Amino acid sequence: MARNRLLSLPLLFAGALLVLAVPPLAMAQADDRPNFVVVLVDDMRWDDFGAGGHPFVRTPNIDRVAAEGAMFLNAFTTTPLCSPARASILTGLYAHTNGIIDNTNRRGHDLNTFPRQLDRTGYDTAFVGKWHMGTDGTPRPGFDTWVSLIGQGTNTDPEIYVGSERMTFEGHVTDVLTDHAVSYLEAARDEPFVLFFSQKAVHPDPALGLVEGGFIAADRHLGIYDTEPIMRLPSAGVPPLDKPALMRNVPNLPPLGLDTSTTDATIRDRLEMVTGVDESVGRLLEALERTGELDDTFFVVTSDHGYFYGEHGLNAQRRLAYEESVRIPMVIRYPGLIEQGARPEHLVLTIDLASTILDLAGQEPEGAMQGATLVPILTGENPDDWRTSLLIEHHSDPDDYLRDAPGPGRASEFTRVLNMGYKAVRTERYKYIQYTDLEGMDELYDLEADPYEMNNIIDAPDAARVLADMRAELARLLELSS
């Protein structure tokens with residue numbers, strides 16, 4: 001273990017005359033709690049990497065984490081939108097509990113995050129990347145090291161707060177942020193550490209385009225997938241004919257269908273960025289290997305939510321409760337706990353990470369948490385009381401926020417989701433979406449018979465019993481999380 005390694009004899013002799021004046025580097029570290037590295041990728045689908053089933057994207061490092069640890073097959077976000085998803089991961093609380101319910105300027109300065117608690121209990125803590133709860137990039141409580149983009153940030157030559165100093169760095173944002181993360185991992189310290197690395201990728205650069213044109217990879221990755229055929233799910237480009245909320249007439253926008261779907265070019269651009277993220281993961285793993293800390297580190301790669309590749313004619317809307325948006329990757333490496341190649345099928349949520357990390361650190365949560373520790377599952381157990389359903393939510397965005405999203409003078413693609421806040425419940429077989437601001441537009445799917453959610457059965461006579469059960473289960477989950 002790196003924290004227990006001794007200085008070499010030559011170095012000890014060379015420093016003998018200084019030993020009384022300068023304390024030595026950590027000669028022995030009694031604190032054997034694990035380190036934690038959480039890599040949060042922005043907008044990455046559950047199937048955007050090789051181990052997740054993608055046919056050609058190059059992700060050997062993320063695949064390595066999956067091969068040497070666990071890959072959850074049924075991992076979900078609690079809210080498929082940037083700011084709420086991030087707040088939920090950091091706090092272990094649903095958006096309706098922590099208060100970060102949308103992407104407006106909700107500062108999130110006072111969130112009781114798991115790094116904040118660990119910082120109080122002796123961990124060295126760092127945040128690197130896209131905070132995106134509030135538009136300023138200044139330090140938030142609980143982090144000893146702070147490296148943050150300003151709001152959404154940019155894909156090239158980003159402006160970054162390093163501590164309280166605002167600086168500009170040349171290069172692609174994934175590389176710039178990774179440089180900072182690697183420097184942090186390689187720094188000498190006595191304490192166990194927490195690195196929360198929140199990637200900007202695979203999100204577009206708002207200055208270049210939120211729907212098309214904003215996904216800009218590093219120069220070395222441009223065009224690497226130009227000849228690869230893009231595979232689509234059966235629902236891609238299919239106009240929604242049974243989804244009243246998506247079938248509403250939206251001024252200045254065409255109906256959803258093939259022409260409104262995410263283009264092949266955009267999907268390739270996104271996958272180029274995924275490969276950049278994978279190289280970043282590789283650099284983190286190499287840094288941990290160099291310092292001898294790799295096997296002492298609980299290493300997670302996950303995402304805030306997914307992205308539509310044309311399913312139901314959708315593209316950048318995210319937010320919605322369909323599988324392409326709410327399912328996420330979650331791969332975890334920690335060889336002292338996890339058997340190589342584990343593939344748990346349990347229903348897990350992003351809010352489970354905070355509970356898991358505090359559990360492994362030997363900490364009781366200082367406040368309420370709504371997630372569950374994954375430790376029993378990661379050790380190969382099958383807990384009898386594990387959840388059989390999960391709650392997913394989205395709060396309707398303010399009208400002006402959606403209308404202004406692409407910039408002045410253009411019809412906003414995001415106005416399609418006006419008033420589409422919802423509470424949804426998903427079980428292994430069924431999904432029920434209850435819209436909170438729309439009447440008579442709810443949806444019910446049998447995921448076993450209809451995995452691509454192309455047949456809304458809410459009005460089917462033989463689904464009445466299922467509908468009643470799902471409504472009751474949703475009410476139970478809402479009561480449990482109130």
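To be clear, the structure that these remarks concern was listed above.
From a predicted model like this one, the values you see are computed outputs, not experimental measurements.

Colleague: Would you mind going over the sheet that holds strand β2 (residues 70-71) with me for this structure?
Modeller: In any sheet, the strands associate via hydrogen bonds between backbone groups, in a parallel or an antiparallel arrangement. Spatially, the nine strands line up as an open sheet ordered β2-β10-β9-β1-β8-β4-β5-β6-β7, and their pairing is mixed. Both outer strands of the open sheet, β2 and β7 (165-168), are each paired with one neighbouring strand and no more. Bridge count for strand β4 (residues 124-129) against strand β5 (residues 145-149) is four bridges, and the pairing is parallel. Within β5, the position partnered with Ala-126 by the bridge is Thr-145. Packing against the sheet, helix α2 (residues 60-68) makes contact with β2, β9 (297-303) and β10 (330-333), and its axis sits at approximately 65° to β10. Sheet strands in contact with helix α3 (residues 82-91) are β1 (35-41), β8 (193-198) and β9, and its direction is about 170° off that of β8.

Colleague: Even after reading the chapter, I still don't get the side chain of His-346, so can you show me in this structure?
Modeller: Along the chain, the position of His-346 falls in the loop between β10 and β11 (348-349). For His-346, a relative accessible area of 16% puts it in the buried group. Separated by 2.9 Å, the side chains of His-346 and Asn-382 make a polar contact.

Colleague: Looking at this structure, I do not really get the sheet that holds strand β15 (residues 443-446). What am I missing?
Modeller: Strand order in the open sheet formed by four strands is β12-β13-β14-β15, and the pairing between neighbours is antiparallel. Either end of the sheet is taken by a strand with one partner, and the two such strands are β12 (389-394) and β15. Averaged over neighbouring strand pairs, the angle between their axes works out to 10° when direction is ignored. Both strand β13 (residues 422-427) and strand β14 (residues 430-435) contribute to a ladder of five bridges, which runs antiparallel. Counted as the bridge partner of Tyr-422 is Tyr-435 from β14.

Colleague: Any chance you could explain unusual backbone geometry here in plain terms?
Modeller: Comment: phi is negative for the bulk of residues other than glycine, and the bulk of peptide bonds are trans. The amide bond that connects Ala-201 to the next residue, Val-202, takes the cis arrangement and shows omega of 20°. Mapped onto the fold, Val-202 is located in the loop between β8 and α7 (264-291). Even without glycine at this site, Asn-419 takes up a positive phi of about 65°. Locating Asn-419 in the fold gives a position in the loop between α11 (399-404) and β13. On the accessibility criterion, Asn-419 (32% relative accessible area) is partly exposed.

Rules of the game
Residues numbered from 1 in each chain as written. Predicted model: local features only at pLDDT ≥ 70, side-chain atom pairs only at ≥ 80, totals over all residues. Heavy atoms only, no water. Pairing = 2+ DSSP bridges. Helix = DSSP H or I, 4+ residues; strand = E, 2+ residues; numbered from the N terminus. Contact = heavy atoms within 4.5 Å. Axes fitted to C-alpha atoms, helices over the stretch in contact; angles between N-to-C directions. Buried < 20%, exposed > 50% of the residue type's maximum accessible area, 1.4 Å probe, protein only. Polar contact = N/O pair within 3.5 Å; in protein donor to acceptor, adjacent residues only side chain to side chain.

That's the geometry; what it means functionally is another story.
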